[in-house]
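Reading the structure
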Amino acid sequence: MIECKYGKQNRLFINHLGELIPCCYVNAEAINMGAGQSPKTLFGSLNQKFNNSLYENTIEDIINGPLFNGIKESWNTNNPVEKCNKTCKQKIRDKFEDRYQ
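The structure contained in this document is the topic of the report that follows. Computed from a prediction, not measured in an experiment: that's the story for all the values here.

**Observations regarding helix α6 (residues 82-89)**
Of all the residues in α6, the buried ones are Cys 84, Thr 87 and Cys 88. Down the axis of α6, the smallest arc covering the buried residues is 90°, so these residues share one side. Contact partners of the buried residues in α6: α1 (5-8) and α5 (66-74). Remark: Lys 91 follows α6 within two positions and exhibits a positive phi of approximately 60°.

**A few points about α5**
Taken together, the buried positions of α5 are occupied by Leu 67, Phe 68, Gly 70, Ile 71 and Ser 74. Down the axis of α5, the buried set is contained in an arc of 160°. They therefore lie on one face.

**Digging into the state of the cysteines**
Across all of its chains, the model carries 0 disulfides by this definition. The thiol of Cys 23 is unpaired, and the distance to the nearest cysteine sulfur, on Cys 24, comes to 5.7 Å. Cys 4 provides the cysteine sulfur closest to Cys 88, a residue in no disulfide bond, and the two sulfurs are 5.0 Å apart. Given the relative accessible area of 8%, Cys 88 is considered buried.

**Here we look at the nonpolar core**
In this structure, Phe 43, Leu 67, Ile 71 and Val 81 are the most contacted members of the largest nonpolar core, which totals 17 residues. Every element with two or more residues in this core is listed here: β2 (20-21), α3 (42-49), α5 and α6. In terms of residues, this core owes the most to one element, α5, which gives 3 residues. If we skip the residues at most four places from it in the chain, Ile 71 touches Pro 22, Phe 43, Leu 46, Val 81 and Cys 84.

**Details of the pattern of salt bridges**
Counted by the stated rule, this structure contains 1 salt bridge. Between Glu 3 and Lys 8 there is a salt bridge, and its shortest N-O distance comes to 3.0 Å. The class for Glu 3 is partly exposed, based on a relative accessible area of 44%.

**Let's talk about unusual backbone geometry**
Positive phi outside glycine occurs at Asn 10, with the angle close to 55°. Relative to the elements of secondary structure, Asn 10 occurs in the loop between α1 and β1 (13-14). In this structure, Lys 91 is a non-glycine residue whose phi angle is positive, near 60°. As for its position among the elements, Lys 91 is in the segment after α6. Residue classification places Lys 91 among the exposed residues on the basis of a relative accessible area of 52%.

Rules behind the numbers
- Residues numbered from 1 in each chain as written.
- Predicted model: local features only at pLDDT ≥ 70, side-chain atom pairs only at ≥ 80, totals over all residues.
- Heavy atoms only, no water.
- Buried < 20%, exposed > 50% of the residue type's maximum accessible area, 1.4 Å probe, protein only.
- Helix = DSSP H or I, 4+ residues; strand = E, 2+ residues; numbered from the N terminus.
- Arc of directions from axis to C-beta.
- Contact = heavy atoms within 4.5 Å.
- Disulfide = S-S within 2.5 Å.
- Core = buried A, V, L, I, M, F, W, Y, C linked by side-chain atoms within 4.5 Å.
- Salt bridge = Lys/Arg side-chain N within 4 Å of Asp/Glu carboxyl O.

Laid out in C-alpha cells, this is it:
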C-alpha cells in the first residue's frame, strides 16, 4: 500500500509555474513538460490532461479534482504513479551527487 508522505503531513507543492502538484518528487516531470517536453510517466499523462494551475483553479478544486484523484486511484492498480510507488511505498529517494567538489 502506498502511503503518501506529503499527504500524511498535510503538505502540498506549488512549483514556479503556479501548478499545484502533490509533492516535490513529481515536480521534475512537471517542469520538463512546462518546457515543452512530452509526458514520460502516468503522472505526466495525468498532469497534461488535467489543469492544475492556481492561476485558473482554486486549491480545493485541484485537490478534489481529477489529477489528485487519478494519482490516488492509481495506487490501487498494478500501474501506480511511478514516483509514488518508488518514493512513498519502497522508500527509495533520489540522491544528489555533487560532481563539482
